[in-house]
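Fold and geometry: a report
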Amino acid sequence: MSPLPCDIAELRTLFLFEKLDEHQLEWLCEHGHIEHFEPGPVYREGDPATCFYVMIEGGLAMSRRVGAEDVEISRTTQPGVYAGAWRAYLGDRVPQNYDGSMRVTEPSRFYVLDAVLFEQVMREWFPMALHMLEGLFFGMQNTQQAIGQRERLLALGSLSAGLTHELNNPAAAAIRATSTLRERVAGMRHKLGMIAAGPYDRVSLATLVQLQEQAVELVAKAKPLEPLEAADKEDELSDWFDEHEIRAGWEIAPTFVQAGLDVAWLDTVASTVDKSILEGAVRWLNYTVETELLMTEIEDATTRVSTLVSAAKQYSQLDRAPFRPVDVHELLDSTLLMLGRKIGDNITVVKDYDHSLPEVPVYAAELNQVWTNLIDNAISAMGGVGTLTVRTAREDDRLLVEIGDTGPGVAPEIKNRIFEPFFTTKPVGSGTGLGLDISWRIVVNKHRGDLAVVSVPGDTRFQVRIPLVPAVQEGNS
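Starting from 1, residues in each chain are numbered consecutively following that chain's sequence as written. This being a predicted model, a pLDDT of at least 70 is required before a residue's local features are given, and a value of 80 or more before pairs of side-chain atoms are given or counted; all residues contribute to the totals for chains, interfaces and linings. The basis for every side-chain value is the complete set of heavy atoms in the structure, and neither hydrogens nor water enter the calculation.

What follows deals with the overall build of the protein chain. Within the protein chain one finds 13 helices and 13 strands. In this scheme, a residue with accessible area under 20% of its type's maximum is buried, one over 50% is exposed, and one in between is partly exposed, where area comes from a 1.4 Å probe on protein chains only. Counting the 477 residues in the protein chain, one finds 43% classified as buried. Any two residues having at least one pair of non-hydrogen atoms within 4.5 Å are treated as being in contact. A fraction of 75% describes how many contacts in the protein chain between residues 6 or more apart in sequence connect residues 24 or more apart. Only the protein chains shown count as cover for residues, with accessible areas throughout obtained via the Shrake-Rupley method and a probe of 1.4 Å. Put simply, the protein chain shows about 25500 Å² of open surface, and 53% of that area lies on carbon and sulfur atoms. Strands here mean DSSP runs of E at least two residues long; helices mean DSSP runs of H or I at least four residues long; both are numbered from the N terminus.

This is the structure in structure tokens:
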């Protein structure tokens, strides 16, 4: 199609060119051209940015790719609006690709200038403005990167502190139980020496060993008791020990109760062994029970440490390929475990998982950062008290992960701004305003998914949607 005539007077009516002099307008007409477009696409997002477009008359619509859909972000009929290679003045310091798609909505005319010539115009005609624009662009970019790094470090510091606290508790419990166990084993050796030197015949010893085995089995089956119920049973055992002339029975009663040994079982012991050795038998059994309880405590503590280490490994994904199929529930569980201390005892966590979901190809470590940001925001919104709901489901060809809280909700007037860089509702010093921006870029840009929020007071849900079939390949960003 042949270029249409370029009219200097018509260019002067456009707000973008109204302050240019005659010589500059002549240059624009000489080096650019007027082009007519029928309704339809002009350029697509991601294509090399070759031209700068200024609409003279008609209408246009701009859109961005979100997941598998093109989402319209603006529509206008205002003469003078511009689009296309508007970042050409930055040269090869940034990728020169169209950052959105443009289509015309009705027959339209545009002034079109080659991107290389647009860069020349900016450098020769507006040198001061160019320096300011460059400073603004790269300054904002550097600030965002620096604060984004700090946001990650703050999150890492919070997680590290929580993990250290969580690891310290079971580690300290294991150390304490091991020390006590050493004392009890020494006591058992001493008691064994007394039994060997005492009036115990072969049959009595065999009976003690049999009772010992029964006690060990009962310890393994013991169920936790409510405090009041445990106290009542301890009183019953203390009375039994007094009746059978066993000294300081109140000291060993809690151990027997914790192990699930009751008065009926002690009656069996009393009827099985000779009265002369009953106290020695009971104390021997007490050592056995204590030893088993301590070993169970050590096992629980070390299992807890192992679980936390596994969760940290799962969370960091340090030994995994960056882009791989994963069970999203493993990622969510590891994040919840890592944030356990921050969640606290006053927040109820509800998991509504669809375990029929297939594994999804994702950048696992980066998605964990998304879950961390969303869950951390939910905890903050609730003030540490409420219900945190984590739900997964399938929506057509996409995975839905929903993080819900019972906080006051997102005000309608800021709902459209919460994903903007540096926007935060937290007090000064409490947030950088990049958590949701980082999450948005990971979900939308890197996974070609979608991140949205639905909110009313008492029910706020951040919804992450990710394609079940990969829309990106490993190494893309």
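The discussion continues.
All axes here are fitted lines through C-alpha atoms, helices being fitted over the stretch that makes contact, and every angle between N-to-C directions spans 0 to 180 degrees. Running from N to C, helix H10 (residues 328-338) and helix H12 (residues 364-382) cross one another at 50°; their axes reach a closest spacing of 10 Å. Taken as axis vectors, H10 and H12 run oblique relative to one another. Helix-helix and strand crossings are classified by hand; for H10 and H12 the assignment is right-handed. Where H10 approaches H12, its residues Val-328, Leu-331, Leu-332, Ser-334, Thr-335 and Leu-336 are matched on the opposing element by Ala-364, Leu-367, Asn-368, Trp-371, Thr-372 and Ile-375. Throughout, the ten residues Ala, Val, Leu, Ile, Met, Phe, Trp, Tyr, Cys and Pro are labelled nonpolar, Asp, Glu, Lys and Arg are labelled charged, and all others, Gly among them, are labelled polar. Residues belonging to the contact of H10 with H12 are distributed by class as follows: 8 nonpolar, 4 polar and no charged. Throughout this description, any angle smaller than 35 degrees is read as roughly parallel, any larger than 145 degrees as roughly antiparallel, any in the 65 to 115 degree range as roughly perpendicular, and the remainder as oblique. Note on convention: near helix rotated counterclockwise from far helix by under a right angle means a left-handed crossing. Clockwise means right-handed.

This part is about the state of the cysteines. Cysteine sulfur atoms that pair up within 2.5 Å are treated as a disulfide. This model, assessed by the stated rule, comprises 1 disulfide. Across a sulfur-sulfur distance of 2.1 Å, Cys-6 and Cys-29 are joined as a disulfide pair. For the disulfide bridge between Cys-6 and Cys-29, the dihedral angle about the S-S bond is near -70°, and by the sign convention the bridge is left-handed. Residue Cys-6 is located in the segment before helix H1 (8-12), and its partner Cys-29 is located in helix H2 (residues 22-31); the two are separated by 23 residues in the primary sequence. Residue classification places Cys-6 among the partly exposed residues on the basis of a relative accessible area of 25%. Judged by relative accessible area, which is 16%, Cys-29 ranks as buried.

Attention now moves to the packing of aromatic side chains. In summary, the pairing rule links any two rings of Phe, Tyr or Trp, Trp by its six-membered ring, whose centres are within 6.5 Å, and it sorts them by plane angle into stacked for under 30 degrees, edge-to-face for over 60 and tilted for everything else. Counted by the stated rule, this structure contains 10 aromatic pairs. For the ring pair Phe-37 and Tyr-53, a centre distance of 6.2 Å and an interplane angle of 65° mean the geometry is edge-to-face. Of this pair, Phe-37 sits in strand E1 (residues 33-37) while Tyr-53 sits in strand E3 (residues 51-66), and the two are 16 residues apart along the sequence. Consider the rings of Phe-52 and Phe-118, whose centres lie 4.1 Å apart with planes at 15°: the pair is stacked. Taken as a pair, Phe-52 in strand E3 and Phe-118 in helix H3 (residues 115-125) lie far apart in primary sequence, 66 residues in all. When its relative accessible area of 9% is taken as the criterion, Phe-118 is described as buried. Directly above the ring of Tyr-363 sits Lys-446, whose terminal nitrogen or CZ lies 4.5 Å from the centroid. In our convention, an over-ring charge means Lys NZ or Arg CZ found within 6 Å of a ring centre and within 35 degrees of that ring's normal.

The subject of this paragraph is the packing of helix H6 (residues 227-243) against helix H8 (residues 263-272). With their axes 10 Å apart at the nearest point, H6 and H8 run at an angle of 20° to one another. By the criterion of interaxial angle, the relationship of H6 to H8 is roughly parallel. Crossing geometry of H6 relative to H8 is assigned as right-handed. Facing H6, whose interface residues are Glu-236, Leu-237, Trp-240 and Phe-241, H8 presents Val-263, Leu-266, Asp-267 and Ala-270. Across the contact of H6 with H8, the residue classes break down as 6 nonpolar, no polar and 2 charged.

Glancing now at unusual backbone geometry. With a phi angle near 50°, Ala-248 is a residue other than glycine that sits in the positive phi range. Examined against the element boundaries, Ala-248 turns out to sit in the loop between H6 and helix H7 (249-258). The backbone of Asp-396 shows a phi angle near 55°, a positive value even though the residue is not glycine.

Here we come to the sheet that holds strand E10 (residues 386-395). The 5 strands lie next to each other as E8-E10-E11-E13-E12, forming an open sheet whose pairing is mixed. Single-partner strands in this sheet number two, and they are strand E8 (347-352) and strand E12 (450-456). The mean inter-strand angle of the sheet, taken between neighbouring strand axes irrespective of direction, is 15°. Paired strands are those between which DSSP finds at least two bridges. As judged from the 8 bridges shared by strand E11 (residues 398-405) and strand E13 (residues 459-467), these two strands associate in the antiparallel manner. Across the sheet, Arg-398 pairs through a bridge with Pro-467, a residue of E13. The strands touched by H10 are E8, E10 and E11; relative to E10, the strand with the most contacts, the crossing angle is about 165°. In the packing of H12 onto the sheet, the strands contacted are E8, E10, E11, E12 and E13, and the crossing angle to E11 comes to about 25°.

Moving on, we come to a nonpolar patch on the surface. Patches were defined on residues exceeding 30% relative accessible area and lacking a salt bridge, with like-charge contacts within 9 Å and nonpolar side-chain contacts (Val, Leu, Ile, Met, Phe, Trp, Tyr) within 5 Å. The term salt bridge refers to a side-chain nitrogen of Lys or Arg lying within 4 Å of a carboxyl oxygen of Asp or Glu. Together, Phe-15, Leu-16, Tyr-82 and Trp-86 make up an exposed nonpolar region whose accessible area comes to about 360 Å². Structurally, Phe-15 can be placed in the loop between H1 and H2. Judged by its relative accessible area of 37%, Phe-15 is partly exposed.

Moving on: the nonpolar core. Core analysis: the largest hydrophobic core is formed by 39 residues, its most contacted members being Val-370, Trp-371, Leu-374, Ile-375, Leu-388, Val-401 and Val-464. Broken down by secondary-structure element, the contributors of at least two residues to this core are H10, strand E9 (360-363), H12, E10, E11, helix H13 (435-446), E12 and E13. The leading source of residues in this core is H12, at 9 residues. When near neighbours in sequence (up to four residues on either side) are disregarded, Val-464 contacts Val-370, Trp-371, Leu-374, Leu-399, Leu-400, Val-401, Val-443, Asp-450 and Leu-451. With 27 residues, the next largest nonpolar core counts Leu-266, Ile-277, Leu-285 and Val-289 among its residues. The term nonpolar core refers to a set of buried residues drawn from Ala, Val, Leu, Ile, Met, Phe, Trp, Tyr and Cys, joined through side-chain atoms within 4.5 Å.

The topology assignment puts Arg-391 in strand E10. A sequence separation of 12 residues divides Arg-391 from Ile-403, and the C-alpha atoms of the two residues are 6.7 Å apart. Setting aside its immediate chain neighbours within four residues, Arg-391 contacts Asp-352, Leu-400, Val-401 and Glu-402.

Tracing the backbone shows Ser-334 in helix H10. A polar contact of 2.9 Å, which involves the side chain of Ser-334, links it to the backbone oxygen of Leu-331. Polar contacts, as counted here, are pairs of nitrogen or oxygen atoms within 3.5 Å of one another; within protein the pair requires one atom able to donate a hydrogen and one able to accept it, and residues that are adjacent in sequence qualify only if both atoms are side-chain atoms.

Right, let's talk about the confidence of the model for the protein chain for a bit. By definition, pLDDT measures how confident the predictor is in each residue, and it falls between 0 and 100. Taken over all residues, the pLDDT of the protein chain has a mean of 78, while the share at 70 or more is 73%. Residue range residues 426-434 is modelled with pLDDT below 50. Its contacts to residues more than four positions away, or to other chains, number 21 contacts. This stretch, residues 472-477, has a pLDDT under 50; its non-local contacts, to residues over four places away or in other chains, come to 12 contacts.

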